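Each chain is listed here by its residues.
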Amino acid sequence: MGFKKDFLWGGAVAANQCEGAWNVDGKGVSCSDVCTGGSHTTSKRITPILEEGTFYPSHEAIDFYHRYKEDIALFAEMGFKVFRFSINWTRIYPTGEEAQPNEKGLQFYDNVIDECHKYNIEPLITISHYEVPFALTQKYNGWASREMIDIFLKYCKTIFERYKGKVKYWLTFNEINGATGAFGGFLSQGILNEGTKDFMNQVDIPQLRFQGLHHQFVASAKAVKLAHEIDENYQVGCMQIFATMYPLTCDPKDVIACQELNHVKNWFCGDVQVRGTYPAYMNRYFKKHNIVIKMEDGDLEILKEGCVDFYTFSYYMSGCATADETKKSGHGNLIGGVNNPYLKASDWGWQIDPEGLRYSLNEIYDRYQIPLMVVENGLGAYDKLEDDGSIQDDYRIDYLREHIVQMKEAVEDGVDLMGYTPWGCIDLVSASTGEMAKRYGFIYVEKYDDGSGDLSRRKKKSFEWYKKVIETNGEVL
Ligand code: BG6
């Protein structure tokens, strides 16, 4: 027992958080490019007009655009079998609506893919990871509009045809279910409602988000079909943020509150993308919140025809649900719910729960019976550069070790697990706060929150540790 022989060990990044070169070689402006830096306590701001003198973390990020060769060589040294990255939509179609794609953008990803193959690293590509072209936000209010489906499909067709034969695994939308909550509106769907200034306090219109999700489901299903038509070897997956929830107590009221939360946050989007149909429990939710999903003839058939080949998810933390209104304030977890008294949290308040990963893998696999992959997991932490230049990140090793142990347990429980790509295998910009100080990597990047730093890379203690994990297929932890 243990991980399968061809288990895909690797790491994950997203274009807007690592590439930089935000306006280089014809790239257009994406939603992430108009977000300022922030912190755990101060929200990032969204500035449709860029402000002179303000720091925008995505503009340079860690300059992966010019340093991908050095970075992929380091991933190869760790023994990566897979590298999950995203294509920045605005490198290919700067405003989303050009008649022809931008050749320089396409060439860049050819180079990245070729560099992976040089080391026998399998690319795993997210098509849309928090990178909606900002022009589409301004013109259509992002995924709130149905126009987005065809615009997205054109982009998919371009990349599916271009990289045919060189890529096997695709994911349509990163953490699609993030849009079941307010913060996913701009981040994931490019929806910017009048009056929104802060990323964490968006003017929220749930009707638009859920309608936006319907458009994304149709777009994703069409993309799955299209991918299979273009190359029968393509495997297309969904990607969910799995926010494991427990009832705070065994009071049946808490259990029901937990089930309701799980339905909407954790199961709804996966149920549509894996089973190809809207789950019945959503009718009640839509009714309660006065949400009416507008569908066109044929949409439901499309959903059925475009079920994903595999299921992937991010896993960082868990939370608890309660029906007791008085307990509902004061939590620090991004995913909502209240704190679990049995768990400790990271410096950003994310509650650390390795066993929750085993539990979640079992729950997901029982439900869908298709191959699973953990495509994000990790500890965002402050790292200290020692006087000798080393980074002794034992806390990160502990976090990852404990999660890998639980993944192994899940495999022994019978879960079909394809691979594991810890998040931010190289330090990069935080999606929620825009910080560099929240580091996840095995590789340290000299880049700081005020924009300073020479961008040089150095291996952390966890680098050698993860190399050994991969070498022994998870036996030596
Ligand atoms: C996931 C996203 O939500 O979590 C990533 O897919 C993100 O883009 C990661 O970076 C970690 O979150 P954060 O806010 O610590 O960067």
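All of these numbers come straight from a predicted model, not from anything done at the bench.

(A) Broad picture of the overall build of the chain. Helix and strand counts for the chain come out as 15 helices and 12 strands. Summarising its shape, the C-alpha atoms of the chain cover approximately 60 × 55 × 50 Å along the three principal directions. By the burial criterion, 61% of the 477 residues in the chain qualify as buried. Residue pairs at least 24 apart in sequence account for 75% of intrachain contacts in the chain once pairs closer than 6 positions are excluded. Summed over its atoms, the accessible surface of the chain is roughly 18400 Å², and 50% of this surface lies on carbon and sulfur atoms. The centroid of the 51 positive side-chain charges in the chain is displaced by 2 Å from the centroid of its 68 negative side-chain charges.

(B) Quick look at the pattern of salt bridges. In this structure the tally under the stated criterion is 36 salt bridges. Across the salt bridge formed by lysine 139 and glutamate 97, the nearest N and O atoms sit 2.8 Å from each other. Within this pair, whereas lysine 139 is found in helix H6 (residues 134-140), its partner glutamate 97 is found in the loop between helix H4 (89-92) and helix H5 (103-118), the two being separated by 42 residues in sequence. The class of glutamate 97 is partly exposed, set by a relative accessible area of 33%. A salt bridge links lysine 384 to glutamate 386; the nearest nitrogen and oxygen atoms lie 3.5 Å apart.

(C) Just the sheet that holds strand S10 (residues 417-420), in detail. In spatial order, the strands read S1-S2-S3-S4-S5-S7-S9-S10; together these eight strands close into a barrel with parallel pairing. Across the sheet, the mean angle separating the axes of adjacent strands is 30° when strand polarity is ignored. Where strand S3 (residues 122-128) and strand S4 (residues 169-173) come together, four bridges link them in parallel fashion. In the strand pairing of S4, leucine 124 is matched with tyrosine 169. Together, S3 and S4 form the strand contacts of helix H7 (residues 147-162), whose direction differs from that of S3 by roughly 165°. Across the sheet, helix H9 (residues 206-230) is in contact with S4 and strand S5 (235-241); its angle to S4 comes to roughly 160°.

(D) Structural view of the side chain of aspartate 63. With respect to the helices, strands and loops of the structure, aspartate 63 is situated in the loop between helix H2 (57-60) and helix H3 (64-78). Here aspartate 63 falls in the buried class, since its relative accessible area comes to 11%.

(E) Just the side chain of aspartate 271, in detail. Within the secondary structure layout, aspartate 271 lies in helix H10 (residues 252-275). Note on aspartate 271: relative accessible area 0%, which makes it buried. In this view, aspartate 271 contacts Gly276, Thr277, Pro279, Tyr281, Arg367 and Tyr368; residues no more than four positions away in its chain are not counted.

(F) Inspection of the site of the ligand at higher detail. Close to the ligand lie 14 residues, the nearest being Glu175, Glu376, Ala431, Ser432 and Tyr440. Side-chain polar atom of tyrosine 316 to an oxygen atom of the ligand: 3.3 Å apart, as the coordinates give it. Here serine 430 contributes a side-chain N or O atom positioned 3.2 Å from an oxygen atom of the ligand. Expressed as a share of its isolated accessible area of 370 Å², the protein-covered part of the ligand is 96%. The residue inventory of the shell around the ligand, partitioned by class, reads six nonpolar, five polar and three charged.

(G) Spatial organisation of the pairing of S3. Most of S3 is tucked away: six of the seven residues are buried. Pairing geometry for strand S2 (residues 82-86) and S3, over five bridges, is parallel. Within S3, the residue paired with serine 86 across the bridge is threonine 126.

(H) Representation of the packing of aromatic side chains within the structure. Enumeration over the complete set of coordinates arrives at 45 aromatic pairs. Consider the rings of phenylalanine 80 and tyrosine 466, whose centres lie 6.0 Å apart with planes at 80°: the pair is edge-to-face. Taken together, the residues phenylalanine 80 in the loop between H3 and S2 and tyrosine 466 in helix H15 (residues 461-471) connect sequence positions 386 residues apart. Given a relative accessible area of 3%, phenylalanine 80 falls into the buried group. Overall, the relative accessible area of 1% leaves tyrosine 466 in the buried class. A ring pair is formed by tryptophan 465 and tyrosine 466, whose centres lie 6.3 Å apart and whose planes are at 25°; its orientation type is stacked. In this structure, lysine 438 is placed above the aromatic ring of tryptophan 350, and the distance from its NZ or CZ to the ring centre is 3.5 Å. The ring centre of tyrosine 444 lies 4.1 Å from the NZ or CZ of arginine 439, which sits over that ring.

(I) Molecular detail of H15. For H15, the complete set of buried residues consists of Ser462, Phe463, Trp465, Tyr466, Val469 and Ile470. Axial view of H15: buried residues confined to an arc of 165°, hence all on one face. Where H15 is buried, its residues contact strand S1 (8-12), H3, helix H14 (394-413), S10, strand S11 (443-445) and strand S12 (457-459). Backbone geometry just after H15 places asparagine 473 at a positive phi near 50°.

(J) Fine view of the environment of glycine 349. Position of glycine 349 relative to the elements: it lies in the loop between strand S8 (318-321) and helix H13 (354-368). For the pair glycine 349 and methionine 317, spaced 32 residues apart in sequence, the C-alpha separation works out to 9.6 Å.

(K) Layout of the environment of proline 252. Looking at the element boundaries, proline 252 is found in helix H10. Residues proline 252 and phenylalanine 83 lie 169 residues apart in sequence; the distance between their C-alpha atoms is 43 Å.

(L) Expanded view of the packing of H9 against H10. The contact between H9 and H10 brings their axes to 10 Å, and the two run at 35°. The hand of the H9/H10 crossing is right-handed. In this structure, H9 uses Phe210, Leu213, Phe217 and Ser220 to contact H10, whose residues at the interface are Val264, Phe268, Cys269, Val272 and Gln273. Partitioned by chemical class, the residues of the contact of H9 with H10 number seven nonpolar, two polar and no charged.

So, how was this worked out
Residues numbered from 1 in each chain as written. Predicted model: local features only at pLDDT ≥ 70, side-chain atom pairs only at ≥ 80, totals over all residues. Heavy atoms only, no water. Helix = DSSP H or I, 4+ residues; strand = E, 2+ residues; numbered from the N terminus. Buried < 20%, exposed > 50% of the residue type's maximum accessible area, 1.4 Å probe, protein only. Contact = heavy atoms within 4.5 Å. Areas by Shrake-Rupley, 256 points an atom, 1.4 Å probe, with all protein chains shown as cover. Lys, Arg positive; Asp, Glu negative; His and termini not counted. Charge placed at Lys NZ, Arg CZ, Asp CG, Glu CD. Salt bridge = Lys/Arg side-chain N within 4 Å of Asp/Glu carboxyl O. Pairing = 2+ DSSP bridges. Axes fitted to C-alpha atoms, helices over the stretch in contact; angles between N-to-C directions. Near = heavy atom within 4 Å. Polar contact = N/O pair within 3.5 Å; in protein donor to acceptor, adjacent residues only side chain to side chain. Nonpolar A, V, L, I, M, F, W, Y, C, P; charged D, E, K, R; others polar. Phe/Tyr/Trp six-rings, centres within 6.5 Å; stacked < 30°, edge-to-face > 60°. Lys NZ or Arg CZ within 6 Å of the ring centre and 35° of its normal. Arc of directions from axis to C-beta. Left-handed = near helix turned anticlockwise from the far one by under 90°.

Read these as layout, nothing more, since geometry by itself doesn't imply function.
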